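# Structural overview for review
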Amino acid sequence: VSDANSVPIGGSALGLTPPYTNGPTTAEPYYLFSTYAGGFGGFQFALPVGLTTKMFRRVYNGTSWGSWSEVLTEISIPPQAQCKAWVNFNGTGTPAIRSSYNVSSITDVGVGRYRINWTTPFADTNYCATGSTNGAGSNVFIIESVTTGYLEISTPDRGSGINDCSVICLQVFA
């Protein structure tokens, strides 16, 4: 969908359009988020593809688009608030990592028991692990052992048993 000036409006349910080269600069492609209210006006936000530290905005006054202005120059997240490792894996049979960061492998320690091995070891064992599973009657895991090189967890059901889970998601902050 486009307005009368062929400016993209939407493109998906979230309004994210494919990369365009007619954004704030022509040096790199941009994703455009758009809102348009007919003759009343609207606005666009542009995010450079592959560069998340800038954001630009321009306003539509009902007849024409204004010039681009930078509205965000830097995103700063303190180191202690950054996720240091995460993983999404299938724990049935031989564990299979679907996607991860700073996780080298998953070791099957037994039924419903897993060792998550870190690519880069942590400085100490005072990190915080959180996550969830699609376990039988439970969506949590229990931390069994914490080392700088790995974390061992188990996935209990609501009774006294421990079962393999097909979806286990874990995040670590340090």
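Residues numbered from 1 in each chain as written. Predicted model: local features only at pLDDT ≥ 70, side-chain atom pairs only at ≥ 80, totals over all residues. Heavy atoms only, no water.

### Some points on the overall build of the protein chain
Using the following cut-off: Strands here are runs of E lasting at least two residues and helices are runs of H or I lasting at least four, both read from the DSSP assignment and numbered beginning at the N terminus. The buried label goes to any residue with under 20% of its type's maximum accessible area, the exposed label to any with over 50%, and the partly exposed label to all in between, with areas taken from a 1.4 Å probe on protein chains only. In this description, contact between two residues means that some pair of their heavy atoms is separated by no more than 4.5 Å. Where accessible areas are quoted, they stem from the Shrake-Rupley method and a 1.4 Å probe; at the residue level, only the protein chains shown are allowed to cover.
Assigned secondary structure in the protein chain consists of zero helices and twelve strands. Starting at the N terminus and walking to the C terminus, you meet the elements of the protein chain as β-β-β-β-β-β-β-β-β-β-β-β. The buried share among the 174 residues of the protein chain stands at 30%. Long-range contacts, defined here as pairs at least 24 residues apart, represent 39% of the contacts in the protein chain between residues at least 6 apart. Only carbon and sulfur atoms are counted for the fraction: they give 55% of the accessible area of the protein chain, which is about 9700 Å².

### Some remarks on the nonpolar core
Most often, soluble globular proteins have nonpolar side chains that are buried together. Put simply, the rule is: By convention a nonpolar core is built from buried Ala, Val, Leu, Ile, Met, Phe, Trp, Tyr and Cys residues, the set being connected through side-chain atoms within 4.5 Å.
Membership of the largest hydrophobic core comes to 18 residues, with the highest contact counts inside it found for Ile 116, Trp 118, Ile 153, Leu 170 and Val 172. When residues of this core are traced back to their parent elements, those giving at least two are strand E5 (83–90), strand E7 (103–110), strand E8 (113–118), strand E11 (150–154) and strand E12 (168–173). In this structure, Ile 116 is in contact with Phe 89, Val 103, Ser 105, Ile 106, Gly 149, Tyr 150, Leu 151 and Ile 153, ignoring residues within four places of it in sequence.

### Considerations on the pattern of salt bridges
For the record, the criterion: Salt bridge, as applied in this entry: a Lys or Arg side-chain nitrogen positioned within 4 Å of an Asp or Glu carboxyl oxygen.
Here the structure, examined in full by the defined rule, presents two salt bridges. Residue Arg 113 pairs with Glu 144 through a salt bridge whose shortest N-O separation is 3.5 Å. Remark: Glu 144 occurs in strand E10 (residues 142–146) and Arg 113 occurs in strand E8; sequence separation between them is 31 residues. For Glu 144, a relative accessible area of 40% puts it in the partly exposed group. The residue Arg 115 makes a salt bridge to Glu 152 at a minimum N-O spacing of 2.5 Å. Of this pair, Arg 115 sits in strand E8 while Glu 152 sits in strand E11; the two residues are 37 residues apart in sequence, bridging distant segments of the chain.

### Concerning the sheet that holds E12
The test is simple: Pairing between strands requires that DSSP locate at least two bridges from one strand to the other. Throughout, an axis means a line fitted to C-alpha atoms (over the contacting stretch in the case of helices), and angles, computed between N-to-C directions, take values from 0 to 180 degrees.
As summarised here, the arrangement of the four strands in space is E6-E5-E12-E9, forming an open sheet in which the pairing is antiparallel. In this open sheet, the two edge strands, each paired with only one partner strand, are strand E6 (96–101) and strand E9 (128–133). In this sheet, neighbouring strand axes are inclined to one another by 15° on average, regardless of whether the strands run parallel or antiparallel. With five bridges joining them, E5 and E6 adopt antiparallel strand pairing. Directly across from Asn 88, in E6, lies its bridge partner Ser 99.

The values reported here are purely geometric and, on their own, carry no functional implication.
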